Amino acid sequence: MNNLYHYCSTDTFFKILNSKTIWMSDIFSMNDYLEFIWFFEIIKKHKESKFYDMVFRIIQEKLNNENFVFISCFSEESDLLSQWRGYSDDGKGFSIGFNKSILEQLGSLEKIQYCSLSSVPQTITDEINIDLSGEIGLARLSFEYNQLIEKYAPIVKNHKFSEESEWRIIEKIPKKSDLSNIKWRNSSDKVVPYIEKHFEKELISEIIIGPKNHTTIENMELFLKSVGFENVSVIKSEISYR
């Protein structure tokens, strides 16, 4: 696997190519935040605690208030109908192929692990079942679970999403640190914090034109040349979706 793919609208495609920049948005301001709640359920199933409700109320407050967790999402699949529908303006956008080995240089690149509540990977259940024997206060219990959630929640998803074959670049920034690099954008009903990752032209190696996008291969090749991208393969989606 040489490439990872980012599905996007035509507007976002132009912003990425013209600025040579990837945006990483805060997970707590996206639908992906629900993954944190789901990971709470994984811990609850595999490590019962009489303090569960109180502990996780404390953790939720800490996760929201202490850190930004910025992510940018990619897929191993270059031409997947569900991705076109969900992330590429219903097939009117593009799938951008990024060179994986170069992408790794932009940050912590992690492969998503997919599981159900009853089939959690052994490495995770081993950590969930850390020995917390004896008299343990809420502060210690909250700290231990908080460490697990910050480590795994951004990279563990419900198995029903497994066809996405997702990878993520992840970067955590404490809210009490220097926030001068954080920018803001509007997203329908909310304001979303994000950071930018600038890249060199060699990062992009392939462009797939969406099944509902009417850009010709010739025009796309001319556009790519005009913004400094060379040796980029351009193909049309093979999916029949109108």
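For the structure itself, consult the block above.
Residues numbered from 1 in each chain as written. Predicted model: local features only at pLDDT ≥ 70, side-chain atom pairs only at ≥ 80, totals over all residues. Heavy atoms only, no water.

A.B. asks: Mind showing me how you'd approach the pairing of strand β2 (residues 21-26) here?
C.D. replies: Along any regular strand, the residues point their side chains to alternate faces of the sheet. In terms of burial, β2 is largely enclosed, as 5 of its 6 residues are buried. Pairing of β2 with strand β10 (residues 190-198), which is carried by 5 bridges, proceeds in the antiparallel orientation. The partner of T21 across the bridge, within β10, is H198. Sheet analysis places β2 next to strand β3 (residues 67-75), joined by 2 bridges and oriented antiparallel. Note that in β3 the partner of D26 across the bridge is F70. (Buried < 20%, exposed > 50% of the residue type's maximum accessible area, 1.4 Å probe, protein only. Helix = DSSP H or I, 4+ residues; strand = E, 2+ residues; numbered from the N terminus. Pairing = 2+ DSSP bridges.)

A.B. asks: Sorry, what's going on with the packing of aromatic side chains here?
C.D. replies: What describes a pair of aromatic rings is the distance from one ring centre to the other and the angle between the planes of the rings. Counted by the stated rule, this structure contains 10 aromatic pairs. Taking the centre distance of 6.0 Å and the plane angle of 80° together, the rings of F13 and F14 count as edge-to-face. Among the residues examined, F13 registers a relative accessible area of 0% and is labelled buried. Arranged with centres 4.1 Å apart and planes meeting at 25°, the rings of F13 and F94 form a pair that is stacked. With F13 in helix α1 (residues 10-19) and F94 in strand β4 (residues 94-99), this residue pair connects regions lying 81 residues apart in the sequence. (Phe/Tyr/Trp six-rings, centres within 6.5 Å; stacked < 30°, edge-to-face > 60°.)

A.B. asks: Sorry, what's going on with the environment of V191 here?
C.D. replies: You can see V191 is positioned in strand β10. Taking the C-alpha atoms as reference points, V191 and S29, 162 residues apart in sequence, are found 8.1 Å from one another. Residues contacting V191, with those up to four places away along its chain left out, are W184 and R185. (Contact = heavy atoms within 4.5 Å.)

A.B. asks: Would you mind going over helix α8 (residues 217-226) with me for this structure?
C.D. replies: Think of an α-helix as turning once every 3.6 residues; residues three or four places apart then point the same way. Turning to α8, its buried residues number three or more, namely M220, F223 and L224. For α8, the angular spread of the buried residues around the axis is 100°, confining them to a single face. Turned more than 90 degrees off the buried face of α8, the exposed positions are E218, L222, K225 and S226. Packed against the buried residues of α8 are α1, β4, β11 (204-209) and β12 (233-236). Where α8 terminates, the next one or two residues include G228, which has phi positive at roughly 95°. (Arc of directions from axis to C-beta.)

A.B. asks: Looking at this model, I keep getting lost on the nonpolar core. Mind explaining?
C.D. replies: Side chains of a nonpolar character, in soluble globular proteins, are inclined to be buried together. Residues L103 and I207 are the most contacted members of the largest nonpolar core, which totals 33 residues. Every element with two or more residues in this core is listed here: β1 (3-8), α1, β2, β3, β4, β8 (166-174), β11 and α8. Setting aside residues up to four positions removed in sequence, I207 forms contacts with F13, F94, S95, I96, M220, L224, V232, S233, V234 and I235. Membership of the second largest hydrophobic core comes to 22 residues, among which are I27, I112, Y152 and A153. (Core = buried A, V, L, I, M, F, W, Y, C linked by side-chain atoms within 4.5 Å.)

A.B. asks: Explain the packing of α1 against α8 here, please?
C.D. replies: Two measures define how a pair of helices packs: the angle their axes make with one another and the distance between the axes. Running from N to C, α1 and α8 cross one another at 40°; their axes reach a closest spacing of 10 Å. Packed against α1, whose contacting residues are F13, F14, L17 and N18, the element α8 presents M220, F223 and L224 at the interface. When its residues are assigned to classes, the contact of α1 with α8 shows 6 nonpolar, 1 polar and no charged. (Axes fitted to C-alpha atoms, helices over the stretch in contact; angles between N-to-C directions. Nonpolar A, V, L, I, M, F, W, Y, C, P; charged D, E, K, R; others polar.)

A.B. asks: Looking at this structure, how should I read the side chain of N213?
C.D. replies: Position of N213 among the secondary structure elements: in the loop between β11 and α8. Using a relative accessible area of 6% as the deciding quantity, one classes N213 as buried. Looking at N213, its side chain comes within polar contact range of the side chain of T215, at 2.6 Å. (Polar contact = N/O pair within 3.5 Å; in protein donor to acceptor, adjacent residues only side chain to side chain.)

Treat this as a map of the structure, not an account of what it does.
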